[in-house]
There are 2 protein chains.
Amino acid sequence: MHLFYIDNLDSDLVELPKEESVHCTRVLRLAAGEEIHLTDGCGQMCRASIVNAYSKACLVRIEERQHEYQKRNYRMHVAVAPTKNTARMEWFLEKAVEVGIDELTPIICQHSERNFIKTERLEKIAVSAMKQSLKAYKPIINEPTKLSDFLKLNTAGQKFIAHCEGDERNPLKDVCQAQMPTTILIGPEGDFSKTEIEEAFAAGYKAITLGTSRLRTETAALASCFFVNFINE
Amino acid sequence: MHLFYIDNLDSDLVELPKEESVHCTRVLRLAAGEEIHLTDGCGQMCRASIVNAYSKACLVRIEERQHEYQKRNYRMHVAVAPTKNTARMEWFLEKAVEVGIDELTPIICQHSERNFIKTERLEKIAVSAMKQSLKAYKPIINEPTKLSDFLKLNTAGQKFIAHCEGDERNPLKDVCQAQMPTTILIGPEGDFSKTEIEEAFAAGYKAITLGTSRLRTETAALASCFFVNFINE
C-alpha cells in the first residue's frame, strides 16, 4: 500500500503535489491505472487510481473515501521542551506519530537549553511518519511557546506535568482516565523550575511520574504517548 | 552525580579503565577528594572518592556499596530482528536501557534485511545509556542468532511473539503477567514468515499485538519494553 499526502481532497480528480508526484512516478515508478492511497492528514483515507503519471504533476482519481479512518478514542497533546540535540526531538515526533499524538507544542522553559526549533522540519517528519505508518491523522505542530503563555491557554480535559522532584506525584496510570483529551507537560534536561511547577499547579495541572526510571526528555515524552495509548487500547 | 562503569568492583581501591579515567579527569575535570559513583553493571552502585586523579589511570576508593540497586521485579528479554538501518537498532537499545531491559538477542529471520550487527557497538551504547540514566544493571547483549536456534533455547517464564497478521492475537496487556521473566520476539520489517510463527507457537510462544497501530520494528521493540515496565510498575 502506497500512501500519499495532499492537504485538499475535496475534488474527486486531484493532482499530487510536486514532491509526491516525483516520489510516485520516479521513485516508485507507478504508472497509469495503478492503485494508490491518499490522505489529507485530517482523517480521510482514500483509495485512488493514477490517471496520468506525469512526473511533476501526477493526476489521480479518487475511487473510494473513508472518513475518520482509524480515529482514536482520545486526544493527546504533548507540550515538551525542545532537546539540546534536535535529532532527539525529531525521533520523538516520528515515534509519537506511529503510536498516536494529536498536537505537539514545543515549550520554552526557564531551564531550557534550546529556545528555538524549526517547525517546518517537524512538519515534514510528521507527514513522513504518518505516511510510513499508514495513518490518516497528522498532528498539529505549534510554534514554540513560553511555558507561562502555554499555561494561560484554556486547555480542556485532564492535564499533567511530569516533573522529576518531590513526593506529591502520582504514577500516570493511577490518575489518567481513558477516552479523555489529555495534555502532558515534559520539561527540559534541567527539569522545570519550582516556580514553573507552582504555576502549572495553579493552572490545573497534576504532578505525575512516568515510572521509577530517570528518563531523558524525549524518552519521557514518548513514554507519555505510549502510556496514554496503552490506557486507551 | 557522575557515574562510571568498571566491570570488577571486588577491591575497595580501584583504578578506572583508561577511557573512564580520561572522561573523569580531563572532560569533567574532577580532582582528588571529589565524589563519584561506580557501577559494575551487575547491580552494584558504589559511592567513591578520587584518590589520585591520574588522567589515564584514575585511582578511587569505594566508600559505600549498595547491592541490587533499584532492582526491578521482572526480567525482560527482547529478541529482535536487526533493522536495515542500524541507527534505529541503536536508539532502541538506548531507550530500552532507560526504561528497563535485561537481555537483548538480535535474531536472524527468513525476511531479515540485515543478518549481521556489531555487538561491541551495542555494548558501548548499553554502557553509555546505563551511565546516563544512573542505572546499575547493564543488559546482556547476545550475538546474532538464527530464530530457529533461538526457539530451541529453554527460556523460562512467559513468551510472546509480536507478529503482524492474523486474528489469533491478544493485546499484550491482556496476557502479560507482572513479576514474571518475559521474552518477546519482534520480527523484521517484512514480518515473521508463516513457518516461523508456527515454530514459535510450537516452542510455547503466544501471539500478541502491541496496539492497533502499525509500528516499525524498533518502535515495536521499545513499545514492548514500555508495556512490560508499565504492567510491573
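Treat the numbers as computed from the prediction; the structure is a model and nothing was measured.

**Quick notes on the packing of helix α2 (residues 86-99) of chain B against helix α3 (residues 119-132) of chain B**
Residue and element names in this part refer to chain B. Relative to each other, α2 and α3 sit at 35°, their axes nearing to 9 Å. In this structure, α2 crosses over α3, and the sense of that crossing is right-handed. Only L122, I125, A126, A129 and M130 of α3 make contact with α2, whose side of the interface consists of E90, L93, E94, V97 and E98. When grouped by side-chain class, the residues that make up the contact of α2 with α3 number seven nonpolar, no polar and three charged.

**Here we look at helix α1 (residues 18-27) of chain A**
Residue and element names in this part refer to chain A. Taken residue by residue, α1 has E20, S21, C24 and T25 as its buried positions. Viewed end-on, α1 has its buried residues packed into an arc of 110°, placing them on one side of the element. The exposed set on the far side of α1, more than 90 degrees from its buried face, consists of K18 and V27. On its buried face, α1 sits against β1 (3-5) and β3 (35-39). Just past α1, the residue R29 takes up positive phi, approximately 55°.

**Examining helix α7 (residues 217-232) of chain B**
Helix length check: α7 of chain B (16 residues) gives 23 Å between terminal C-alpha atoms against 22 Å at 1.5 Å per residue, within 8%. Among the 16 residues of α7 of chain B, 14 are classified as buried, and the element is accordingly described as predominantly covered.

**What about the relation of the copies chain B and chain A?**
Laying chain B over chain A is done by rotating through 180° and shifting 0.0 Å along the axis; what remains is an RMSD of 0.0 Å. Here the symmetry operator amounts to a two-fold rotation axis. When the interface residues of chain B are mapped onto chain A, 100% of them again fall at the interface, so both copies present the same face.

**Focus on the interface of chain B and chain A**
With 23 residues of chain B in contact, the opposing surface of chain A contributes 23 residues. In terms of residue count, α7 of chain B provides more of the side of chain B that touches chain A than any other element does, six residues in total. A per-class count over the side of chain B that touches chain A returns nine nonpolar, eight polar and six charged.

**Quick notes on the pairing of strand β6 (residues 75-80) of chain A**
Residue and element names in this part refer to chain A. The element β6 is largely enclosed, with a buried count of five among its six residues. Bridge count for β6 against strand β12 (residues 181-186) is six bridges, and the pairing is parallel. Of the residues in β12, the one forming a bridge with H77 is T183. Two strands pair when backbone bridges link them, and β6 and strand β7 (residues 103-108) are joined in this way by four bridges, in the parallel orientation. Residue V78 lies in a different strand from β7, and its bridge partner there is L104. Running through helix α2 (residues 86-99), the crossover from β6 to the neighbouring parallel element β7 is right-handed.

**Comments concerning the confidence of the model for chain A**
The predicted structure's coordinates, where accompanied by low pLDDT, should not be read in detail. In this model, chain A carries a mean pLDDT of 94, and residues with pLDDT of at least 70 account for 100%. Taken together, the chains of this predicted complex give a pTM of 0.89 and an interface ipTM of 0.84.

**Observations regarding the environment of K56 of chain B**
Residue and element names in this part refer to chain B. Among the secondary structure elements, K56 is positioned in the loop between β4 (45-52) and β5 (59-66). Expressed as a C-alpha distance, the spacing of K56 and E15, which sit 41 residues apart in the sequence, is 9.4 Å. When neighbours within four sequence positions are excluded, K56 is seen to be in contact with K18, S21 and V22.

Parameters and conventions
- Residues numbered from 1 in each chain as written.
- Chains lettered and ligands numbered in written order.
- Predicted model: local features only at pLDDT ≥ 70, side-chain atom pairs only at ≥ 80, totals over all residues.
- Axes fitted to C-alpha atoms, helices over the stretch in contact; angles between N-to-C directions.
- Helix = DSSP H or I, 4+ residues; strand = E, 2+ residues; numbered from the N terminus.
- Left-handed = near helix turned anticlockwise from the far one by under 90°.
- Contact = placed C-beta atoms within 7 Å.
- Nonpolar A, V, L, I, M, F, W, Y, C, P; charged D, E, K, R; others polar.
- Buried ≥ 20, exposed ≤ 12 C-beta atoms within 10 Å, placed from the backbone.
- Arc of directions from axis to C-beta.
- Expected span 1.5 Å × (residues − 1).
- Least-squares fit on C-alpha atoms with pLDDT ≥ 70 in both.
- Pairing = 2+ DSSP bridges.
- Right-handed = clockwise from strand over helix to strand, strands pointing away.
- pLDDT = per-residue confidence, 0-100.

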